[in-house]
Amino acid sequence: MNAAHLHLMTVHVPVVGCWGLFVLLLLSAWFRDERLFKISCWLLLSVLLFATGAYFSGPPAYELLQEQYQIDKETVEFHAVLARSCLLAMVVLSMIVGNALIQGFQGENVPRWQRTLIIIGTLALAGFWTVAAHWGGRIRHPEIQFQTAGHIEAAKPEQEPVSD
């Protein structure tokens, strides 16, 4: 297994995980289930570990790909900036989540504004990770690049000559 394998295995966890956690956090708020809220918070901290692994396996994966394929450096650099921003945003959200867990350990109630901030932050991160993943996919999947070389006309069916 090399860095590219590790990157591809870990990079999907933050994207899919944040969307799933958003749903779980919404359900915990809807049903006022404290246990589900705590489980979701612990899972979010676990997703941060995978996101960290994905981020730090990115540069070695790039070096491996660069040796074998022609890669657009601007796309890679933009993907790296997005991934770094996502990771930092997730660290900040994890600090808020960690604070909520500590409040729970101390027997304090987590305020509604803090729970709402965690839910909205998870939704924002899910969207942000999705954008970063899209740009990562553009590195090796040209079919998802929304650029065309020129004007493409729709295929017109050939008309058969009318015989009398």
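Since the structure is predicted, the reported quantities are computational estimates derived from the model, not experimental observations.

**Student:** Any chance you could explain the overall build of the protein chain here in plain terms?
**Tutor:** Each helix and strand in the protein chain was counted, giving four helices and zero strands. When the elements of the protein chain are put in sequence order from the N terminus, they spell out α-α-α-α. The buried share of the protein chain, taken over its 164 residues, is 33%. Residue pairs in contact within the protein chain that sit at least 24 positions apart in sequence constitute 77% of those at least 6 positions apart. Surface accessibility of the protein chain: about 11200 Å² in total, with carbon and sulfur atoms responsible for 64%.

**Student:** Explain the nonpolar core here, please?
**Tutor:** As a rule of thumb, soluble globular proteins bury nonpolar side chains together. Ranked by internal contacts, the top residues of the largest apolar core, which has 26 residues, are Cys18, Phe37, Met90, Val97 and Trp129. Here the element with the most residues in this core is helix H3 (residues 73-105); it accounts for eight residues. If near-sequence neighbours (up to four positions away) are discounted, Met90 is found in contact with Cys18, Leu44, Val47, Leu48, Ala51, Leu125 and Trp129.

**Student:** Could you clarify how one ought to interpret the packing of helix H1 (residues 3-30) against helix H2 (residues 34-68) in this entry?
**Tutor:** A packed helix pair is summarised by two numbers, namely the angle formed by the two axes and the spacing between the axes. The N-to-C vectors of H1 and H2 enclose an angle of 155 degrees; their axes lie 7 Å apart at closest approach. Viewed along their axes, H1 and H2 adopt a mutual orientation that is roughly antiparallel. By crossing handedness, the relation of H1 to H2 is classed as left-handed. Looking at the contact of H1 with H2 residue by residue, the classes come out as 22 nonpolar, eight polar and no charged.

**Student:** Please explain helix H4 (residues 112-140) as it appears in this structure.
**Tutor:** Side chains three or four residues apart in an α-helix point the same way, a direct result of the helix having 3.6 residues per turn. Over its 29 residues, H4 extends 43 Å from the first C-alpha to the last, a length consistent with the 42 Å expected when each residue adds 1.5 Å. Of all the positions in H4, only Gln114, Ile118, Ile119, Gly121, Thr122, Leu125, Ala126, Trp129, Ala132, Gly137, Arg138 and Ile139 are classed as buried. Buried residues belonging to H4 abut H1, H2 and H3.

**Student:** What's the story with the pattern of salt bridges in this structure? I'm lost.
**Tutor:** If charged atoms from side chains of opposite charge come close, those side chains can pair. Tallying each qualifying case throughout the model produces one salt bridge. For Glu34, the salt bridge goes to Arg115, with nearest N and O atoms at 2.6 Å. Residue Glu34 is found in helix H2, and its partner Arg115 is found in helix H4; the two are separated by 81 residues along the sequence.

**Student:** I would appreciate a short explanation of the environment of Ser40 in the present structure.
**Tutor:** The residue Ser40 is located in helix H2 in this model. C-alpha separation for the pair Ser40 and Val97, spaced 57 residues apart in sequence, amounts to 9.5 Å. Beyond its immediate stretch of four places on either side in the chain, Ser40 contacts Leu21, Leu24 and Leu25.

**Student:** Would you mind showing me how to read unusual backbone geometry here?
**Tutor:** Despite not being glycine, Arg32 shows a phi value in the positive range, around 50 degrees. Residue placement: Arg32 occurs in the loop between H1 and H2.

**Student:** I tried to follow the confidence of the model for the protein chain on my own but got confused; where do I start?
**Tutor:** Do not read the fine detail of predicted coordinates wherever pLDDT is low. For the protein chain, per-residue confidence averages 90 on the pLDDT scale, and residues scoring 70 or more make up 86% of the total. No element of the protein chain has a lower mean pLDDT than H2, at 95, and none a higher one than H3, at 97. Below a pLDDT of 50 lies the segment residues 152-156, which in the model reaches zero contacts outside its immediate sequence neighbourhood of four places, other chains included.

About the thresholds
Residues numbered from 1 in each chain as written. Predicted model: local features only at pLDDT ≥ 70, side-chain atom pairs only at ≥ 80, totals over all residues. Heavy atoms only, no water. Helix = DSSP H or I, 4+ residues; strand = E, 2+ residues; numbered from the N terminus. Buried < 20%, exposed > 50% of the residue type's maximum accessible area, 1.4 Å probe, protein only. Contact = heavy atoms within 4.5 Å. Areas by Shrake-Rupley, 256 points an atom, 1.4 Å probe, with all protein chains shown as cover. Core = buried A, V, L, I, M, F, W, Y, C linked by side-chain atoms within 4.5 Å. Axes fitted to C-alpha atoms, helices over the stretch in contact; angles between N-to-C directions. Parallel < 35°, antiparallel > 145°, perpendicular 65-115°, else oblique. Left-handed = near helix turned anticlockwise from the far one by under 90°. Nonpolar A, V, L, I, M, F, W, Y, C, P; charged D, E, K, R; others polar. Expected span 1.5 Å × (residues − 1). Salt bridge = Lys/Arg side-chain N within 4 Å of Asp/Glu carboxyl O. pLDDT = per-residue confidence, 0-100.

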